[in-house]
Amino acid sequence: MLHIAQTALTLGCVYSLVALALFLSYRVLDIADLTTDGCFVFGMALSVSAAAAGHPLLGILMAVIGGGCAGYVTAFLQTRLGVPSILAGIVTNTGLYTVNLMAMGWSANVSLLKQTTIFTMARDMGIFGGWYQFAVVFAASALGMLFMRWFLRTRLGLSIRATGDNLDMVSASSINPKFTIAVGLILANCFTGLCGGLVGQMQKSADINAGTGIVVIGLASLIIGETVISGRKSIGRNILACLVGNIIYRFIYALILQTRILPIECLKLMTAVIVALAIAAPTIRANLATKARERKESAL
Amino acid sequence: MLEIQNLSKVFNPGTINEKKAISHMNLVVNDGDFITILGSNGAGKSTLFNAIAGVFLADEGKIILDGENITFQPDHRRSKYIGRLFQDPLKGTAPHMTIEENLALAFLRAGHSTDSFSRISKKDHEMFKEKLRLLEMGLEDRMNTQVGTLSGGQRQALTLLMATIVPPKLLLLDEHTAALDPAAAEKIMKLTEEIVAANHTTCLMITHNLHQALKTGNRTLMMADGRIILDLKGEERESLTMEELLRRFREGAKEELDDDRILLSDH
């Protein structure tokens, strides 16, 4: 049981970075950024390839920067060339497939054997015991959340929030929405890239298909978190929801894995259903309320 | 202060919906002027504001502000020194951000600091509180409230404060009280006059209220068909009665009709 908890906590922390990325793009900027899947693999590919060459720390840095570059491509397509935002993400994502293969030396996967990773470095420090993986990803997640909380209250952060909140206002203020959207998408994808980089070194492998569904899982976690700790009330809560939601999601995941209530192959379908229901919830609730009122008033 | 030279804008050129929104307009606004603008729907009032604010590029002509040609400057650059309020009170504020954050956004962007990472300081906080108190709406005690929960009048008051927290060179008011209830409208108008007077801000205000147009400010323009047909100031404006203004307003609108008839008969 402890092992399950440890795994769930570790995975929850590391994937909270993707939820943070989606929080920034989907919630703050109100853009469905579909670069996420490819960007995750890009971070993973860069990080694992660099670790394979003996540079684990550089690998993480490259994952962050690489993710940011991917975000910039999407932002460029969207703000400078007028490609609709969803399509811009899909186009970048498609292109990234080839780039990812290239980053892994034209093979579909790369594995680390005895090479040093930032996780083995933490283990060799010897102060975290069996929790060294958790220590690393928790530190990353905590730093990510603190950074996000700080950033969203700076002038630039406020401008980005206003861009997603009221575009009319932004164009009448001296904010250039092209710039704020670009910064937001770059930053979001830095987080996604970092997550991919950490997951790659943790699993000691990178795989070209590792990113499938990441964006939906991230959204599911975000929504679970927002529901549980009634987020959307303040920025701090919202950011915390990314972590809480992810840990809950990973516990559910671990539970299913362990108990086999559902065949594990069903998990993606279940995730998709959760996301669809969660996003549809307000509409469904409103429809039901109207129907109930209609029935009540026609019964009189 | 503001100089508009031979400004023209045509929408949907070459189509059946072609509309000359502004044609060959010239206007000189002096420093400290508070000009009210009248005109029927489609006279080109809002188009003029959009051109000044840089929402679109004019087809012809120049816009000069304080000696600087801003004709080709993008809108987000101009809004550093041109403040603008719209009729819709929801347009000027971000609903999911708090009162303080909205103010901070307006203050930090218009301020001289170019640091993207500057944050709200204690001093700013106190200053915001002080400014909010001047609105007499109790907003100073609700600085952490999301703006989306405020009433239209409160939001418009906040927008006014945001537009003037760093006094702009030019303030554009596009029927900014028209969507509010009479009490709120009066309050916003009073605040507007106070703030404009305190900062000696040059101001253009579109209104459909003839009484307000004559009572407020020091100069009144009437627009029709993309042109200024009447420019009232000084004594002439002082002595003008409402009835006379209304008559001239009707005349202005009629002239257009006559013009159209002449055009049609020519074909």
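Residues numbered from 1 in each chain as written. Chains lettered and ligands numbered in written order. Predicted model: local features only at pLDDT ≥ 70, side-chain atom pairs only at ≥ 80, totals over all residues.

### Thoughts on the confidence of the model for chain B
Residue and element names in this part refer to chain B.
Point 1. Here chain B averages 87 in pLDDT, while 92% of its residues score no lower than 70.
Point 2. Ranking the helices and strands of chain B by mean pLDDT puts strand β8 (residues 202-206) first, with 95, and helix α9 (residues 242-266) last, with 63.
Point 3. Confidence over residues 260-267 falls short of pLDDT 50; this stretch has zero contacts with residues more than four positions distant or in other chains.
Point 4. Confidence metrics for the complex model read pTM 0.87 and ipTM 0.83. (pLDDT = per-residue confidence, 0-100. Helix = DSSP H or I, 4+ residues; strand = E, 2+ residues; numbered from the N terminus. Contact = placed C-beta atoms within 7 Å.)

### Things to note about the packing of helix α1 (residues 2-28) of chain A against helix α9 (residues 177-203) of chain A
Residues and elements named next belong to chain A.
Point 1. Relative to each other, α1 and α9 sit at 165°, their axes nearing to 8 Å. In terms of orientation, α1 lies roughly antiparallel with respect to α9. Judged by the twist between their axes, the crossing of α1 over α9 is left-handed. Across the interface between the two elements, Val-14, Tyr-15, Leu-17, Val-18, Leu-20, Ala-21, Leu-24, Ser-25 and Val-28 from α1 touch Gly-184, Leu-185, Leu-187, Ala-188, Asn-189, Phe-191, Thr-192, Leu-194, Cys-195, Leu-198, Val-199 and Met-202 from α9. (Axes fitted to C-alpha atoms, helices over the stretch in contact; angles between N-to-C directions. Parallel < 35°, antiparallel > 145°, perpendicular 65-115°, else oblique. Left-handed = near helix turned anticlockwise from the far one by under 90°.)

### Considering the pairing of strand β10 (residues 227-233) of chain B
Point 1. Pairing geometry for strand β9 (residues 219-224) of chain B and β10(B), over six bridges, is antiparallel. Along β10(B), the bridge assignment pairs B:Met222 with B:Leu230. (Pairing = 2+ DSSP bridges.)

### Digging into the environment of A:Ile247
Residues and elements named next belong to chain A.
Point 1. Relative to the helices and strands, Ile-247 is located in helix α11 (residues 235-259).
Point 2. Residue classification places Ile-247 among the buried positions, given that 23 C-beta atoms sit within 10 Å.
Point 3. Separated by 23 residues in sequence, Ile-247 and Ile-224 place their C-alpha atoms 9.8 Å apart. (Buried ≥ 20, exposed ≤ 12 C-beta atoms within 10 Å, placed from the backbone.)

### Describing the sheet that holds strand β4 (residues 60-65) of chain B
Residues and elements named next belong to chain B.
Point 1. What the four strands build is an open sheet, ordered β2-β1-β4-β5; its pairing is antiparallel. Taken across any chain shown, the strands that pair with only one partner, and hence form the sheet edges, are β2 (19-29) and β5 (68-69).
Point 2. Bridge analysis of strand β1 (residues 2-11) against β2 gives seven bridges, and the strand direction is antiparallel. Paired with Glu-3 across the bridge in β2 is Val-28.
Point 3. Across the sheet, helix α1 (residues 45-53) touches β1, β2 and β4, and the angle it forms with β2 is around 65°.

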